[in-house]
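A look at the structure
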Amino acid sequence: MTENISDEELELIRESFKKIDVNESGAISPSELSAVFREAGCAMPGCRIRELLEKLDRDKTNDISFDEFKAIYKELKDDSTIQAFKKAINKRKGVIAIGGTSAVSCEGTQHSVSEHEQVAFANYINTCLESDGDCKGRLPIKPADLFAAVGDGILLCKLINISVPDTIDERTINKKNLTCFTTQENLNLALNSASAIGCQVVNIGAGDLKEGKPHLVLGLLWQIIKIGLFANIELSRNEALAALLQEGESLEDLMKLSPEELLLRWVNFHLQKAGSKTISNFSGDIKDSEAYFYLLQQIAPDGSKEDVLQIEIDMDGLYEKDLMKRAESMLEQADRLGCRQFVTAGDVVRGNSKLNLAFVATLFNKYPALNKPENQDWILKSETREERTFRNWMNSLGACPRVHYMYSDLQDAMVILQLYEKIKVPVEWDRVNHPPFKSTVKHLKKSENCSYAVDLGKKKAGFSLVGIGGQDLSEGNPTLTLALVWQLMRRYTLNILEDLGEGEVAGDDLIIKWVNKTLKEAAKSSSIKSFKDKEISTSLPVLDLIDALKPDSVNFDLVKTGSLSEEDKLDNAKYAISMARKIGAKVYALPEDLVEVNPKMVMTIFACLMGRGMKKA
C-alpha cells in the first residue's frame with residue numbers, strides 16, 4: 001500500500017487513471033487532466049496544472065504516468081478539490097484523449113504514440129503541399145518518417161501558412177543548403193509563428209522539433225491543423241451558421257459555442273432533416289457509421305446549383321453488418337465528395353475522436369449545406385485584428401478553457417485570473433468561484449469573480465481601470481474588457497524586460513531609448529521618436545533593429561525604400577514581422593499594425609526585440 005493512501009483509494013486511483021487514459025497509452029496528458037478537474041467542478045487553471053506537472057513529472061515527458069498520477073492524488077488528498085475530483089471520476093466513462101504521448105522516457109518507461117495520427121497527419125501534409133515547388137523531393141512523407149520530416153522547419157512553416165495564410169513571409173524561410181544555424185532559424189520562425197496564431201508552444205523548443213520528439217511533434221501538428229480546419233467555423237466569418245439557431249436562442253448564444261460544439265450541432269441539424277437519430281460525440285456515437293451515411297446523403301450536391309454536378313450517395317453500405325466493411329463503404333462515398341481525409345475505417349470503428357472531428361470539419365468546410373435565414377436584420381461584426389491578436393496571445397499561454405469568443409469566454413474571469421499569474425500577480429484561488437455554476441447563482445458567481453479580477457488589477461497590478469467594474473466584464477462589455485486585456489498583455493510583454501536598464505523601470509521611454517541607442521551603435525540611419533512615429537509605417541526602423549541585433553540577417557535587396565505605396569509598406573511589414581520571429585522574438589502583432597502605426601502593438605514589437613537583444617526573450 002502506498003504511504004498515506006488506503007487500499008480503497010489506491011483502487012480508485014487505478015480505476016480513475018484507466019478511465020482518463022482511454023487510449024491505454026500508459027500516460028495522460030495535461031489537457032486530459034485539466035478536463036477532469038473542469039468536470040469535477042473546480043476548473044483547475046492551466047497554470048496550476050502546469051505547476052503540478054513541473055513538480056510531479058519526474059521523467060520530464062510532459063505526460064503523467066500512473067506513479068505520477070498517484071503523487072498528484074497525494075498532493076491533493078487533503079484538499080477539497082479531490083472530493084469533487086472523485087465525484088466526477090465516479091460519474092465518468094472516460095475522458096477523450098487530446099494529446100500524444102512520448103516514445104521512451106529518460107527512465108526507460110515505454111509509452112505509445114498514436115500511429116493513426118502519424119498516418120493521418122502525414123497524408124494531410126502530402127495532400128496540402130503536393131503542388132508546392134519547395135517541397136519537391138520532400139514529399140510524399142511516409143508516416144514513419146513524419147517526425148524527422150518536420151525537423152528542418154520548412155514543412156511546419158508551410159503548414160502554418162495553409163492554416164492561417166500569410167502568417168509567415170515565404171522570403172524568410174531558409175529552403176536550400178541548410179545548416180544547423182539556418183535550421184534553427186526555421187524552427188524559431190515556425191514556433192513563434194505558431195504561437196502568434198494561438199498554438200500553445202510553452203513546453204516545446206526548437207531542439208525538441210529538430211530531434212523529432214513524437215508526442216511534441218504530433219501535439220504541435222494537431223494544433224496547427226485544427227486552427228486551419230476551424231477557421232471558418234465561427235458565425236462572424238460564416239453567416240450561414242445562423243441556420244443552426246435553435247428556438248429561443250439569440251445570435252450571441254450561437255457565438256458562444258466552440259467550433260467543436262458548432263460542428264456537433266451542424267451534424268445533428270442534418271441528421272434531423274434526414275429523420276435519423278442524433279449524436280452527442282465524435283467517438284462512440286459514430287462507430288457504426290450510420291450518422292456519417294445520413295450526413296453524407298444530406299450534404300452531397302443535388303445539382304440545383306449552377307456548375308455543381310449532382311453526386312448521389314450510395315446508401316447500400318449502411319446495411320453491411322460488419323462495422324469495418326460498413327465504415328469502408330462510407331469512406332468510399334466520402335471520397336466521391338473529395339473528403340476522404342484524416343480517418344480510416346479503423347479510426348471510425350474505434351471512435352478516434354480527434355481524427356473523426358477533423359474528418360467532420362473537412363466535410364463542413366467543403367459542403368456545409370447551410371443557408372442563412374432570410375428576412376433577418378442581423379448585423380454580424382467580424383472579429384477585429386486587435387481581438388484576434390489578444391485571443392491568440394491568451395491561447396498561446398495555455399488559457400483554460402481555450403478562448404473562442406472573447407467576451408463570453410472571459411465572463412467568469414477564470415482566464416483573466418490565469419493571466420494575472422502569468423504576469424506574476426498572485427491569485428488567491430480560495431476566493432474564486434469555480435465553474436460549473438448552478439443556474440440560480442450563475443450570474444452572481446461570475447460577477448464576484450470579475451469584481452475580484454478588477455480589484456487585483458487596481459490594487460496588485462497597478463492598472464489604470466477607472467470606470468471599469470466587475471459587472472462590465474461579466475456582461476461582456478467589449479471596450480472595457482479589451483482595456484483590461486490590453487493592460488495584461490502589456491505587462492506580460494514588459495516583464496520580459498525585468499531588471500534591465502540599470503535600475504530604470506521598464507516602460508515606453510526605456511524601450512525607445514534602447515532602440516535608438518542600438519540603431520546608432522550599429523551605424524543605422526533610422527530612429528524613432530515614439531511608438532506613433534510615422535516612419536515606423538515603412539518598417540525600416542524595425543528591419544534596421546533586427547539587422548543590428550543579428551548582423552547580415554536582413555536581405556535589404558527585398559526591402560522597399562523611397563516613396564512607398566501602401567502595398568510596399570505592407571510588403572515590408574510582412575517581411576519585418578517574420579524576420580523578428582525568425583531571430584527569436586515572440587511577436588504577436590500583425591503586419592498591418594506596423595503599416596497603420598498602432599502604438600500599442602508597435603510597443604510590443606520593439607519590447608520583444610529589446611528582450612531578444614538583451615537575451616531575455
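Residues numbered from 1 in each chain as written. Predicted model: local features only at pLDDT ≥ 70, side-chain atom pairs only at ≥ 80, totals over all residues. Heavy atoms only, no water.

1. Here we look at the overall build of the protein chain
What counts here: Helix and strand definitions here come from DSSP, where helices need a minimum of 4 consecutive H or I residues and strands a minimum of 2 consecutive E residues; each element is numbered from the N-terminal end. Remark: exposure states derive from per-residue accessible area (1.4 Å probe, protein chains only) relative to the maximum for the residue type, with buried under 20%, exposed over 50%, and partly exposed in between. By definition in these notes, contact holds between two residues if any of their heavy atoms fall within 4.5 Å. Under the convention used here, a 1.4 Å probe and the Shrake-Rupley method define accessible areas, while residue burial counts only the protein chains that appear.
Broken down by element type, the protein chain carries 28 helices and zero strands. Evaluated residue by residue, the protein chain yields a buried proportion of 56% over its 617 residues. For the protein chain, contacts bridging at least 24 residues in sequence account for 62% of all contacts bridging at least 6. Summing over all exposed atoms, the protein chain offers an accessible surface of approximately 28,200 Å²; the carbon and sulfur share of this is 46%.

2. Observations concerning the packing of helix α24 (residues 508-521) against helix α28 (residues 599-613)
Counted only if it meets this: To obtain each axis, a line is fitted to C-alpha atoms, and for helices this fit is confined to the stretch in contact; angles are then taken between N-to-C directions over 0 to 180 degrees. Geometric relationships in this document are graded by angle, where less than 35 degrees denotes roughly parallel, more than 145 denotes roughly antiparallel, 65 to 115 denotes roughly perpendicular, and other angles denote oblique. Helix crossings fall into two classes, left-handed where the near helix is turned counterclockwise from the far one by less than a right angle and right-handed where it is turned clockwise.
Packing of α24 against α28 brings their axes to within 10 Å, and their N-to-C directions diverge by 60 degrees. When the axes of α24 and α28 are compared, the pair comes out oblique. Handedness of the crossing formed by α24 with α28: left-handed. Residue-level inspection shows D508, L510, I511, W514 and V515 of α24 in contact with α28, the latter providing M603, F606, A607, L609, M610 and G613.

3. Concerning the environment of A334
Along the chain, A334 falls in helix α15 (residues 323-336). Through-space distance from the C-alpha of A334 to that of L363 is 8.4 Å; in sequence the pair is 29 residues apart. Excluding anything up to four places from it in sequence, A334 contacts L296, C339, R340 and F359.

4. Quick notes on helix α9 (residues 180-196)
Our working rule: Expected helix span is given by 1.5 Å per residue-to-residue step, counting one fewer step than there are residues.
The first and last C-alpha atoms of α9 sit 24 Å apart over 17 residues, in line with the 24 Å expected at 1.5 Å per residue. Most of α9 sits inside the fold, with 14 of its 17 residues counted as buried. Immediately downstream of α9, the backbone of G198 shows phi near 105 degrees, a positive value.

5. Details of unusual backbone geometry
A cis amide bond links C400 to the next residue, P401, at an omega of 5 degrees. Considering the arrangement of structural elements, one finds P401 in the loop between α18 (385-396) and α19 (406-409). At A413, a residue that is not glycine, the phi angle is positive and equals roughly 70 degrees. Note that A413 resides in the loop between α19 and α20 (414-422). Look at A413 and you get buried, because its relative accessible area is 0%. Its identity is not glycine, yet K424 carries a phi of approximately 70 degrees, on the positive side. With respect to the helices, strands and loops of the structure, K424 is situated in the loop between α20 and α21 (442-459).

6. As for the pattern of salt bridges
Selection rule: Each reported salt bridge corresponds to a side-chain nitrogen of Lys or Arg within 4 Å of a carboxyl oxygen of Asp or Glu.
A complete count under the given rule lists 29 salt bridges for this structure. Ionic pairing is found between R350 and D347, a salt bridge with its closest N-O pair at 3.1 Å. With R350 and D347 both in helix α16 (residues 345-350) and three residues apart, the pair spans about one turn of that helix. Since its relative accessible area comes to 2%, D347 is described here as buried. Measuring nitrogen to oxygen at the nearest pair gives 3.4 Å for the salt bridge that ties K560 to D571. Of the two residues, K560 is situated in the loop between α25 (540-549) and α26 (566-582) and D571 in helix α26; the sequence distance between them amounts to eleven residues.

7. Some thoughts on helix α17 (residues 353-366)
An α-helix turns once every 3.6 residues. As a result, residues three or four positions apart point the same way. When the terminal C-alpha atoms of α17 are compared, their 20 Å separation across 14 residues agrees well with the 20 Å that a helix rising 1.5 Å per residue should span. Among the residues of α17, those classed as buried are S353, K354, L355, N356, L357, A358, F359, V360, A361, T362, L363 and F364. In this fold, the buried residues of α17 make contact with α6 (115-129), α11 (214-229), α13 (259-273), α14 (290-299), α15 and α16.

8. Things to note about the nonpolar core
Where a protein is soluble and globular, its nonpolar side chains tend to be buried together. As a reminder, the rule being used: Remark: nonpolar core denotes a set of buried residues (Ala, Val, Leu, Ile, Met, Phe, Trp, Tyr, Cys) joined through side-chain atoms within 4.5 Å.
F121, L156, L220, L263, W266 and L337 are the most contacted members of the largest nonpolar core, which totals 95 residues. Tallying contributions element by element places α11 first for this core, with ten residues. Among all residues touching L337, those that are not within four sequence positions of it are L296, I299, A300, P301, I311, I313, K366 and Y367. Grouped together as the second largest cluster of nonpolar side chains are 80 residues, W393, L417, L545 and F606 included.

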